[in-house]
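# A look at the structure
Chain by chain, the residues run as shown.
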Amino acid sequence: YSSAPVGFLMTVFNVRMGQWLGNPRNRRTSGRATPIFGLWCLLNELFGGANDEAAYVYLSDGGLVDNMGLYELVKRRCGLIILCDAEADEEYKFSGLGNAIRKCRIDLGIDIDLDTSAIVPDKTSGLSKQHYAVGTIHYGYVDIKAPTGTIIYFKTSLTGNESADVRNYKKAHTLFPHESTVNQWFSESQFESYRQLGYQAVYSSIRNTPPAPIKSPEKPLRTHFKNFGAKIKI
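Rules behind the numbers
Residues numbered from 1 in each chain as written. Predicted model: local features only at pLDDT ≥ 70, side-chain atom pairs only at ≥ 80, totals over all residues. Heavy atoms only, no water. Helix = DSSP H or I, 4+ residues; strand = E, 2+ residues; numbered from the N terminus. Buried < 20%, exposed > 50% of the residue type's maximum accessible area, 1.4 Å probe, protein only. Areas by Shrake-Rupley, 256 points an atom, 1.4 Å probe, with all protein chains shown as cover. Core = buried A, V, L, I, M, F, W, Y, C linked by side-chain atoms within 4.5 Å. Contact = heavy atoms within 4.5 Å. Pairing = 2+ DSSP bridges. Arc of directions from axis to C-beta. Axes fitted to C-alpha atoms, helices over the stretch in contact; angles between N-to-C directions. Phe/Tyr/Trp six-rings, centres within 6.5 Å; stacked < 30°, edge-to-face > 60°. Salt bridge = Lys/Arg side-chain N within 4 Å of Asp/Glu carboxyl O. Expected span 1.5 Å × (residues − 1).

## Observations concerning the overall build of the protein
Of regular secondary structure, the protein possesses 7 helices and 6 strands. From first element to last, N terminus to C terminus, the protein shows the α and β order α-β-α-β-α-β-α-β-β-β-α-α-α. Burial statistics for the protein: of 234 residues in total, 31% are counted as buried. Put simply, the protein shows about 15900 Å² of open surface, and 57% of that area lies on carbon and sulfur atoms.

## Digging into the nonpolar core
Core analysis: the largest hydrophobic core is formed by 22 residues, its most contacted members being Leu70, Val74, Leu83, Leu97, Ile112 and Tyr153. The set of elements that each furnish at least two residues to this core consists of helix H3 (70–75), strand S3 (80–85), helix H4 (95–108), strand S5 (132–138) and strand S6 (149–155). Element by element, the count of residues in this core is highest for H4, at 5 residues. In this structure Val74 touches Ile81, Cys104, Leu108, Ile110, Ile112 and Tyr139, once residues within four positions along its chain are discounted. Membership of the second largest hydrophobic core comes to 6 residues, among which are Leu158, Val166, Phe176 and Tyr194.

## Remarks on the pairing of S3
Along S3, the buried face is formed by Ile81, Leu83 and Asp85; none of Leu80, Ile82 and Cys84, which line the opposite face, is buried. Pairing of S3 with S6 involves 6 bridges; the strand directions are parallel. When the sheet's bridge partners are listed, Cys84 is paired in S6 with Phe154.

## A short note on helix H2 (residues 39–46)
Taken residue by residue, H2 has Cys41, Glu45 and Leu46 as its buried positions. Projected onto a plane normal to the axis of H2, the buried residues spread over an arc of 145 degrees and lie on a single side. Count one or two residues on from H2 and you reach Gly48, which has phi positive near 65 degrees.

## Structural notes on the sheet that holds strand S4 (residues 111–113)
Across a sheet, paired strands are connected by hydrogen bonds in the backbone, their directions being either parallel or antiparallel. Read across the sheet, 4 strands follow the order S3-S6-S5-S4 without closing on themselves; strand pairing throughout is mixed. Two strands bound the open sheet, and with one partner strand each, they are S3 and S4. Neighbour-to-neighbour, the strand axes of the sheet open up by a mean angle of 25 degrees, direction not taken into account.

## Points about the packing of aromatic side chains
Under the criterion given, the structure shown has 8 aromatic pairs. Pairing Phe94 with Tyr153 gives two aromatic rings, centres 6.2 Å apart and planes at 55 degrees, and the pair type is tilted. Separated by 59 residues along the polypeptide, Phe94 in the loop between S3 and H4 and Tyr153 in strand S6 bring together distant segments of the chain. Taken together, Tyr169, Phe176, Phe186 and Tyr194 form an aromatic cluster joined through their ring pairs.

## Some details on the pattern of salt bridges
Applying the stated rule across the entire model yields 8 salt bridges. Across the pair Arg195 and Glu192 runs a salt bridge whose closest N-O atoms are separated by 2.9 Å. You can see Arg195 and its partner Glu192 sitting in helix H6 (residues 188–208), 3 residues apart, about one turn around the helix. Classification of Glu192 by relative accessible area gives partly exposed; the value is 30%. Salt bridges here are not isolated pairs; linked through shared partners, they connect Asp85, Glu87, Asp89 and Lys155.

## Looking at unusual backbone geometry
That bond from Phe176 to Pro177 is cis: its omega, 5 degrees, falls within 30 degrees of zero. With respect to the secondary-structure elements, Pro177 resides in the loop between helix H5 (164–172) and H6. With a phi angle near 50 degrees, Tyr92 is a residue other than glycine that sits in the positive phi range. Looking at where Tyr92 falls in the secondary structure, it is placed in the loop between S3 and H4.

## Structural notes on H4
With 14 residues, H4 should reach 20 Å at 1.5 Å per residue; the first-to-last C-alpha distance of 19 Å fits that figure. Here the buried face of H4 lies against H3, S3, S4 and S6.

## Focus: the environment of Leu97
Examined against the element boundaries, Leu97 turns out to sit in helix H4. Overall, the relative accessible area of 4% leaves Leu97 in the buried class. Taking the C-alpha atoms as reference points, Leu97 and Tyr153, 56 residues apart in sequence, are found 9.3 Å from one another. Each residue touching Leu97, except ones within four places of it in the same chain, is listed here: Met68, Leu83, Leu114, Thr116 and Tyr153.

Take a look at the structure:
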C-alpha cells in the first residue's frame, strides 16, 4: 500500500490510515506531534514518497499488513507471544492468522506450527472445544542457536460455558462473536458482550479449558429464601 498509484488513490479519496508525526531520528522534529505546515507531507503521501528518513514519518496502525502484530513480534524474536484474534470470521477461515504466518515465513524465514482445529466449531452444536491453541515458533530455522518460541493464540469463539448475558446476546445477534468490523459504533450491550466473552475465554482457558457450566446447588427453592430470613409456608 506504499506504492505510488495506490497511495495516490487512497489520498485522493481520503482513505487515509495513519498520522504524520515527527521522526524520532530527527532531533529537530522528534518532539513535534504534527507538521507545522502539512501540505508538503500530504504531497509526499499523495505521490508515495513517505520514508523513514524524512523529518516527518507517516505512522500507520499496521492493519494493512498484519492486524494482530504477530509479524513484528516474531521479527523481534519474542520467546512467548500471546495473540488475540477478534476479526470477523464467521466461517473460521483464520485469514488474518494465515496471512501473518505466511508473511513470517516468506519475509523472515521463520515458520510457525499452530493447530487451530479445536477452535473450529462443531457443525451440529456450533460450539468450539476450546478458545485457544498453543503453537511453536521455529526461530532456529534462521538463527541456529536461537531457542524455540511459543505462541498462545486466542480466538473469539463460543464453548457453551458463557454467562447468561453473553448467551442472550448471541440469540439476538446470530453473527456474534463475528459481527462485521465495518460497524464502528458499538452499542453498550454489544461492547459489553465482546468484553465479557474475551474475559471468560482467557480466564476459563487458564483454569482448564473449558470448565463445566456452573450449576445451582441442588436444594429446594424454599431453602434459598429461608437463608435470607424469608418466612414461607407451604
